[in-house]
Amino acid sequence: MSSDAITAAPTALDHPAPAPGEEQAAHGLGTSLPQAEARAKTEGTFPYASDLWAEGLLWAALLRSPHAHARIVSVDTSAAAAMPGVRAVVTAADVPGAATYGRRVADRPVFADGLVRHHGEAIAAVAADHPDTARLAAAAIHVEYEILEPVTDPEKAFTAEALHPDGNLIRHIPLRFGDPEATGEVVVEGLYRIGRQDPAPIGAEAGLAVPRPDGGVEIYTASTDPHTDRDLAAACFGLPPEQVKVVVTGVPGATGDREDPGFQIPLGLLALRTGCPVKLTATREESFLGHSHRHPTLLRYRHHADADGRLVKVEAQVLLDAGAYADSSSESLAAAVAFACGPYVVPHAFVEGWAVRTNNPPSGHVRGEGAMQVCAAYEAQMDKLAAKLGLDPAELRMRNVMATGDILPTGQTVTCPAPVAELLAAVSDFPLPPLPKDIPEEDWLLPGGPEGAGEPGAVRRGVGYALGMVHMLGAEGTDEVSTATVRVQDGVATVICSAVDTGSGFSTLARQIVQETLGIDEVHVAPVDTDQPPAGPAAHGRHTWVSGGAVERAAKMVRTQLLQPLAHKFGMSTELLQITDGKITSYDGVLSTTVTEALDGKELWATAQCRPHPTEPLDDAGQGDAFVGLAFCAIRAVVDVDIELGAVRVVEMAVAQDVGRVLNPAQLATRIEAGITQGVGAALTENLRTTRGLVRHPDFTGYALPTSLDAPDIRIVKLVEERDVVAPFGAKAASAVPVVTSPAAVASAVRAATGRPVNRLPIRPQAAVAAPNS
């Protein structure tokens, strides 16, 4: 079937320039150019993946395991296949190609074959002519299980029976840095637990698969990494990659892997089996059960310091619960181990890190993975150390902060700007919000909300600090590369790049780059599909750096094509010409013309790549130049805590961030605010709870996301623009580091208010009740 029959998909990621009068006069880098699709999303007219439609459409449904660990004795699909309206039923036996897939390790089966390893694992898929028929048919499939004892404690995974042919241990990193015999005069220890945060995409995860006349298939979905998804699917279909096309459509935003390939692949199989388009829209329960979550983590720490509070040695153990399959756990563990000491100078560090398989829900890429968990632990240790030494928590941190030229515990020298002291000073010096006694009682929002049950006399205020860091781009030898084409025709520029805008603002940035480089107002960003060269996944600020860099290089090549005839005519080099506000002028004023006149109906285009300098894997001692660049953040949290009920209200978050260069002020502020709000959710409410591996309440009633009433007053007190010379534009990733830092800051503030250790996230009410005599 032709893709022309698909409705909604062709316009989903087409980013036209705003209509006349809608766009501010200023454009280019450094301006707050609005996102082209913002109005459509606000008005509800933006076509999401769940809006897709095609002629002759069938509907899909998945049968998922109700058990966390079980042996599959038999699967009987006869009743489902016999139901009127059912067109196909597929199981593990029907997968023509690779039976397993995975973005980093191909260890996850398309359908469980012989063994179920987590609650919600796919067993079979059905295609029918009505969604209700498909769901009823899936429910009619009879599976006989032999229920097995689940392994849900990651500490027991080391000695438990192997859950997978590859074993339970995914990766072990022993980091060794400095003298193991070094000791400090003051020692503090702690045990910390971080819960399972879900990416919780508000938009439904959905997709449409359409068979092609050549025997291939096209998959329309909100993918964040279309080329990888295509390659995984093609391997499972037993097809060459050129016969599988992924079209990115209707991405509502992502804080992790937006779509689970685990339902894209069954969709394609059903489309190939039936010869018809097949659509699947996941329920909220399916999303919670199927896609990856933040790694639950157990951390043990011991900090050594001298009498003045300067760190001497950090010892740590970090255990990541990967769930049933490996996914990105190796990458997450590398970040956790490398950043286990935080943005502090530590002469001696010894960290043991493990990622293990269990029968818990799968873990994978969620913004700030690995770094967020260790930040909560090392900042708790800094609070303990400050209390033991009788020092102000901010002062203790200031005595230990990292700067450019210092060395990470991995042995890598910090060559990028690292203005950590400046960030900490900015939030420390920022005025505190007024105390409740200075606010009329009717205007004072008690912990628990406007109808909170607490009494004003039971409320205490706490102030806490946290410093966080993240890496940008991939790590440990990942080949980071992106390709972009810029085409100019009839005075309109088009950017062709398969970088998916998941809310990072890449499509807006691409328009700004071309506007500034070529002086052309009307810039379009073409829809994304796998017919374009790959740009890689939308993670770690990659597209701002790598894809933005590719767009800039292509635009500069087009600029040279535009200016060369003029430069030749006037006997000067193109470097002596400049483009400003749509006009081309020479340094001496002899030449002055418009871009439109210079184009004169020409079609110009260029394709370019951007590839940052290579990195290397960590060695057997956890040493190596594993990261391209780093970004830093400081946050001061102010909280009100009802010490009788344990209710916590985050009053204010003051943030200072190392951003390299501000490319779009409004967009940057939005990214920071969203990251902090996500971090507040991880600190106080977000935890996908399980019992013996079974997910409890997989819905937005049982899983509490922060709402607008929970969002604190966010004060961006300083943005340090010290450009990273190796990054295009000098800019740094903006959204991950506030997610990493804010949970630790909230926990620090609750500690200050209650006197409790607060060693678990999210913070439970019983942990926020004041300690005796505090």
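From a predicted model like this one, the values you see are computed outputs, not experimental measurements.

Calculation criteria
- Residues numbered from 1 in each chain as written.
- Predicted model: local features only at pLDDT ≥ 70, side-chain atom pairs only at ≥ 80, totals over all residues.
- Heavy atoms only, no water.
- Helix = DSSP H or I, 4+ residues; strand = E, 2+ residues; numbered from the N terminus.
- Rg over C-alpha atoms; globule rule 2.2 N^0.38 Å.
- Buried < 20%, exposed > 50% of the residue type's maximum accessible area, 1.4 Å probe, protein only.
- Contact = heavy atoms within 4.5 Å.
- Areas by Shrake-Rupley, 256 points an atom, 1.4 Å probe, with all protein chains shown as cover.
- Lys, Arg positive; Asp, Glu negative; His and termini not counted.
- Charge placed at Lys NZ, Arg CZ, Asp CG, Glu CD.
- Salt bridge = Lys/Arg side-chain N within 4 Å of Asp/Glu carboxyl O.
- Pairing = 2+ DSSP bridges.
- Core = buried A, V, L, I, M, F, W, Y, C linked by side-chain atoms within 4.5 Å.
- Axes fitted to C-alpha atoms, helices over the stretch in contact; angles between N-to-C directions.
- Parallel < 35°, antiparallel > 145°, perpendicular 65-115°, else oblique.
- Left-handed = near helix turned anticlockwise from the far one by under 90°.
- Nonpolar A, V, L, I, M, F, W, Y, C, P; charged D, E, K, R; others polar.

When helices and strands are counted, the protein shows 15 helices and 31 strands. Expected size for 774 residues packed as a compact globule is a radius of gyration near 28 Å; at 27 Å, the protein falls within 12% of this value. Seen through its principal axes, the protein has C-alpha atoms that stretch 80 × 75 × 60 Å. Relative to its 774 residues, the protein shows a buried fraction of 60%. At a minimum sequence separation of 6, the contacts of the protein that also span at least 24 residues come to 80%. Summing over all exposed atoms, the protein offers an accessible surface of approximately 28,500 Å²; the carbon and sulfur share of this is 51%. With 61 positive and 94 negative side-chain charges, the protein shows a spacing of 3 Å between the two charge centroids.

Moving on, we come to the pattern of salt bridges. Evaluation of the coordinates by the stated rule reveals 35 salt bridges. Close ionic contact of Asp383 with Arg397 constitutes a salt bridge, the shortest N to O distance being 3.0 Å. One end of the pair, Asp383, is in helix 8 (residues 371-389); the other, Arg397, is in helix 9 (residues 393-398), and 14 residues separate them in sequence. Judged by relative accessible area, which is 11%, Asp383 ranks as buried. Among the residues examined, Arg397 registers a relative accessible area of 0% and is labelled buried. Note that Glu422 and Lys718 form a salt bridge whose closest N and O atoms lie 2.8 Å from each other. Of this pair, Glu422 sits in helix 10 (residues 420-429) while Lys718 sits in strand 30 (residues 713-720); the two residues are 296 residues apart in sequence, bridging distant segments of the chain. When its relative accessible area of 31% is taken as the criterion, Lys718 is described as partly exposed. Overlapping salt bridges, with partners in common, bring together Glu379, Asp383, Arg397 and Arg751 in one network.

Turning our eyes to something else, we now look at the pairing of strand 27 (residues 647-658). Where burial is concerned, most of strand 27 is hidden: 10 out of the 12 residues are buried. Looking at chain direction, strand 26 (residues 627-642) and strand 27 are connected through 10 bridges and run antiparallel. Of the residues in strand 27, the one forming a bridge with Val639 is Val650. Here strand 27 runs beside strand 30; their pairing, made up of seven bridges, is parallel. Within strand 30, the residue paired with Gln657 across the bridge is Leu719.

With that out of the way, let us pick up the environment of Glu552. Counting through the fold element by element, Glu552 comes out in helix 12 (residues 542-570). Each C-alpha atom of the pair Glu552 and Gln512 lies 9.9 Å from the other, and the pair is 40 residues apart in sequence. With sequence-adjacent residues up to four places away left out, Glu552 is seen in contact with Ile513, Pro728 and Phe729.

Turning to the nonpolar core, a few remarks are in order. Counting 151 residues, the largest nonpolar core has Tyr301, Ile584 and Val746 as the members making the most contacts within it. If sequence neighbours within four positions are ignored, Ile584 has contacts with Leu562, Leu563, Leu566, Leu577, Gln578, Ile579, Leu591, Ser592, Thr593, Thr594, Val595 and Ala598. Of all hydrophobic cores here, the second largest spans 32 residues; its members include Leu232, Ala233, Val278 and Leu280.

Let's shift gears to the pairing of strand 1 (residues 58-64). Extensive coverage of strand 1 is indicated by the burial of seven of its seven residues. When strand 1 meets strand 14 (residues 278-281), the two strands line up parallel, connected through two bridges. Bridging from a neighbouring strand, Leu58 pairs with Val278 of strand 14. Looking at chain direction, strand 1 and strand 7 (residues 122-128) are connected through six bridges and run antiparallel. Its bridge partner being in strand 7, Trp59 is matched across the sheet by Ala128.

Summarising the element assignment, Tyr378 is placed in helix 8. Of the residues examined, Tyr378 reaches a relative accessible area of 1% and is grouped as buried. As a C-alpha pair, Tyr378 and Phe339 span 39 residues in sequence and 9.5 Å in three-dimensional space.

Another aspect to go through is the packing of helix 11 (residues 506-518) against helix 12. The angle between the axes and the distance between the axes are what describe a pair of packed helices. Direction vectors running N to C along helix 11 and helix 12 enclose 25 degrees, while the axes themselves pass 9 Å from each other. Accordingly, the angle class assigned to the pair helix 11 and helix 12 is roughly parallel. Crossing of helix 11 over helix 12 shows right-handed handedness. Facing helix 11, whose interface residues are Phe506, Leu509, Ala510, Ile513, Val514, Thr517 and Leu518, helix 12 presents His543, Thr544, Ser547, Gly548, Val551, Glu552, Ala555, Lys556, Val558 and Arg559. Here the residues of the contact of helix 11 with helix 12 are counted per class, giving nine nonpolar, five polar and three charged.

So, about the environment of Pro199. Position of Pro199 among the secondary structure elements: in the loop between strand 10 (186-194) and strand 11 (206-211). By relative accessible area, Pro199 is classed as buried at 13%. For Pro199 and Val366, which are 167 residues apart along the polypeptide, the C-alpha to C-alpha distance reads 6.5 Å.

The strands making up a sheet associate through hydrogen bonds between their backbones, and the pairing can be parallel or antiparallel. Strand order across the open sheet formed by three strands is 22-23-24, with antiparallel pairing between neighbours. Edge strands, defined here as strands with exactly one partner in the open sheet, are strand 22 (577-580) and strand 24 (592-594). Neighbour-to-neighbour, the strand axes of this sheet turn through a mean angle of 25 degrees, independent of strand direction. Where strand 23 (residues 583-586) and strand 24 come together, three bridges link them in antiparallel fashion. Counterpart to Thr585 in the pairing with strand 24 is Ser592.

Further remarks concern the packing of helix 14 (residues 665-684) against helix 15 (residues 736-754). Where helix 14 contacts helix 15, the axes come no closer than 7 Å and their chain directions differ by 45 degrees. In terms of orientation, helix 14 lies oblique with respect to helix 15. Between helix 14 and helix 15 the crossing geometry is right-handed. Residue-level contacts link Ile672, Gly675, Ile676, Gln678, Gly679, Val680, Ala682, Ala683 and Leu684 of helix 14 to Pro738, Val739, Ser742, Pro743 and Val746 of helix 15.

Let's shift gears to the sheet that holds strand 6 (residues 115-116). On the basis of which strands lie adjacent, the open sheet formed by three strands has the order 6-2-8 and antiparallel pairing. In this open sheet, the two edge strands, each paired with only one partner strand, are strand 6 and strand 8 (142-147). Relative to strand 6, strand 2 (residues 70-76) runs antiparallel, the two being bridged by two bridges. Counterpart to Ala70 in the pairing with strand 6 is Val116.

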